[in-house]
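Chain by chain, the residues run as shown.
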Amino acid sequence: MIGSLIRALVVTLFSLAAAAGSASAFEKVAFPSRDSVGLVGWLARPAGAGPFPVVIGLHGCAGLYTRSGAVGARESDWSVRLTAAGYAVLLVDSFGSRGIKALCNERERSLTPAGRARDAFAAIDWLDKQSFATKQRIALIGWSNGGSTALRVAGAPEAKRLRHVIAFYPGCRVILKRGWQAQTDTAIFQGLADDWTPAAPCEELARSGGARFVGFPGAYHDFDHPSLPLRERKAAYSQRPDGMVTIGTDPKARTDAIDAVMAILKRP
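Residues numbered from 1 in each chain as written. Predicted model: local features only at pLDDT ≥ 70, side-chain atom pairs only at ≥ 80, totals over all residues. Heavy atoms only, no water.

## Some details on helix H7 (residues 251-266)
- The terminal C-alpha atoms of H7, which comprises 16 residues, lie 23 Å apart, in line with the 22 Å expected from a rise of 1.5 Å per residue.
- The set of residues buried in H7 consists of Ala253, Arg254, Ala257, Ile258, Val261, Met262, Ile264 and Leu265. Seen along its axis, H7 keeps its buried residues to an arc of 160°; they face one direction. Residues Lys252 and Lys266 are exposed on H7 and point more than 90 degrees away from its buried face. (Helix = DSSP H or I, 4+ residues; strand = E, 2+ residues; numbered from the N terminus. Expected span 1.5 Å × (residues − 1). Buried < 20%, exposed > 50% of the residue type's maximum accessible area, 1.4 Å probe, protein only. Arc of directions from axis to C-beta.)

Below, the structure written as C-alpha cells:
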C-alpha cells in the first residue's frame, strides 16, 4: 500500500515537473465542425516549428474542464507527456462548444458518440491545413465517452486518415451489436474490474473486429488519471444494482498503459 502511494506521488511530481519545463502552454483554437457548431480546441505543441506528429484527444462524459475552468488533470497530464515526446496535441471540446457541461448522469444524451465522431473528423480536416502537423502521423486517443467515440471513428471508412486509434475504457455493448470492424490500427485499454464500462464486451469487440484488447487486472474506470483517489460515484449505465460505479487511479495500470501507448505511437 505504501509502495503504491509512493509510486503515485512520484508520478504526480514527474507530471508537474514536465508541465513546468517540457510542454508549451495550451493555445485556444477554433475550427468548423461537420454540423452547425463551431468547435473549440486546445492545442499544445513541442518547441520549434515542426512539423510534428499529432494526437487528437477526446474527453469523457464529465467534459474537458475542471470546476475552475482549467483543462482536466487527465488530459493535461497526457498532453504534457506527449508534447515532451515530440507530439502536438489537440484536445477537442465537444461539450463546451455546444453548451453542455456533463452527461455522466444522463441516460438520454443530447450528444452521442456517433455525433462526436464528426468532431474528430473535423479536427482531422483542420489539422490537414496546418503547417505544424505531419498529416501522415495523426493518432486519436479517447477516454470513456471519448473512447466510445474513438471506436466509432475507428470503424468508419475515413479512419484510414488516422495512423492509430486508442480507446480508454469505452462502452462497447452497443457497438458490438452492429458488426463493427476496425478500419485502422486500433487498441482498446480496459480495466478488468471496471463496473461502469465492463471489459467483456470490449474484449469480444476487439476479437471480432480486428482490434487489440489490453486488459489491466484489478483496475477500474479512470485508471490512467494522474491523481484520482479510488472512490464511488453515481452514474448512468452503471452495471451495479445500486447505480454506483468505481473510479480512480491504478498506479501500475497507469504506468503500463503509458508505456503501451508510447510504443503504439512510435510504430510505423
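Picking up where we left off.
## Considering the packing of helix H3 (residues 113-127) against helix H4 (residues 145-154)
- Running from N to C, H3 and H4 point in directions that differ by 70°, and their axes come no closer than 8 Å. On the basis of their axis angle, the class for H3 and H4 is roughly perpendicular. Every residue of H4 that contacts H3 at Pro113, Ala114, Arg116, Ala117, Ala120 and Phe121 is listed here: Asn145, Gly146, Ser148, Thr149, Arg152 and Val153.
- A class-by-class count of the residues in the contact of H3 with H4 yields six nonpolar, four polar and two charged. (Axes fitted to C-alpha atoms, helices over the stretch in contact; angles between N-to-C directions. Parallel < 35°, antiparallel > 145°, perpendicular 65-115°, else oblique. Contact = heavy atoms within 4.5 Å. Nonpolar A, V, L, I, M, F, W, Y, C, P; charged D, E, K, R; others polar.)

## Thoughts on helix H6 (residues 199-209)
- Taken together, the buried positions of H6 are Ala199, Pro201, Cys202, Leu205, Ala206 and Gly209. Taken end-on, H6 shows its buried residues confined to a sector of 165°, consistent with a single buried face. Those residues of H6 that are exposed and aimed more than 90 degrees away from the buried face are Ala200 and Arg207.
- Against the buried residues of H6 lie H4, helix H5 (173-176), strand S7 (185-191) and strand S8 (212-216).
- The first or second residue beyond H6 is Gly210, which carries a positive phi of 80°.

## Structural notes on the environment of Leu90
- Mapped onto the secondary structure, Leu90 falls in strand S4 (residues 88-93).
- Residues Leu90 and Ala123, 33 residues apart in the sequence, show an inter-C-alpha distance of 8.0 Å.
- The contacts of Leu90, once residues within four sequence positions are left out, are Val29, Phe31, Gly41, Trp42, Leu43, Val55, Ile56, Gly57, Ala123, Trp126 and Leu127.

## Some details on the sheet that holds strand S2 (residues 38-44)
- Strand order in this open sheet of eight strands is S1-S2-S4-S3-S5-S6-S7-S8, and the pairing throughout is mixed. Looking along the sheet, the strands with just one partner apiece sit at the ends: strand S1 (27-32) and S8. Pairwise comparison of adjacent strand axes, ignoring direction, gives a mean angle of 25° for this sheet.
- Across the sheet, helix H2 (residues 73-84) touches S2, strand S3 (52-58), S4, strand S5 (133-143) and strand S6 (164-168), and the angle it forms with S4 is around 160°. (Pairing = 2+ DSSP bridges.)

## Remarks on the state of the cysteines
- Within the structure shown, the criterion is met by two disulfides.
- The disulfide partner of Cys61 is Cys104, and the gap between their sulfur atoms is 2.0 Å. Sign of the S-S torsion, about 100° for the bond between Cys61 and Cys104, identifies this disulfide as right-handed. Within this pair, whereas Cys61 is found in the loop between S3 and H2, its partner Cys104 is found in the loop between S4 and H3, the two being separated by 43 residues in sequence. Comparing Cys61 with Cys104, the two get one shared label, buried.
- Here Cys172 is linked by a disulfide to Cys202, with a sulfur-sulfur distance of 2.0 Å. Its S-S torsion of about 95° marks the bond between Cys172 and Cys202 as right-handed, since a negative value means left-handed. With Cys172 in the loop between S6 and H5 and Cys202 in helix H6, this residue pair connects regions lying 30 residues apart in the sequence. An identical accessibility class is assigned to Cys172 and Cys202; each is buried.
- Sequence-ordered numbering of the bonded cysteines in the protein chain yields a pairing of 1-2, 3-4. (Disulfide = S-S within 2.5 Å.)

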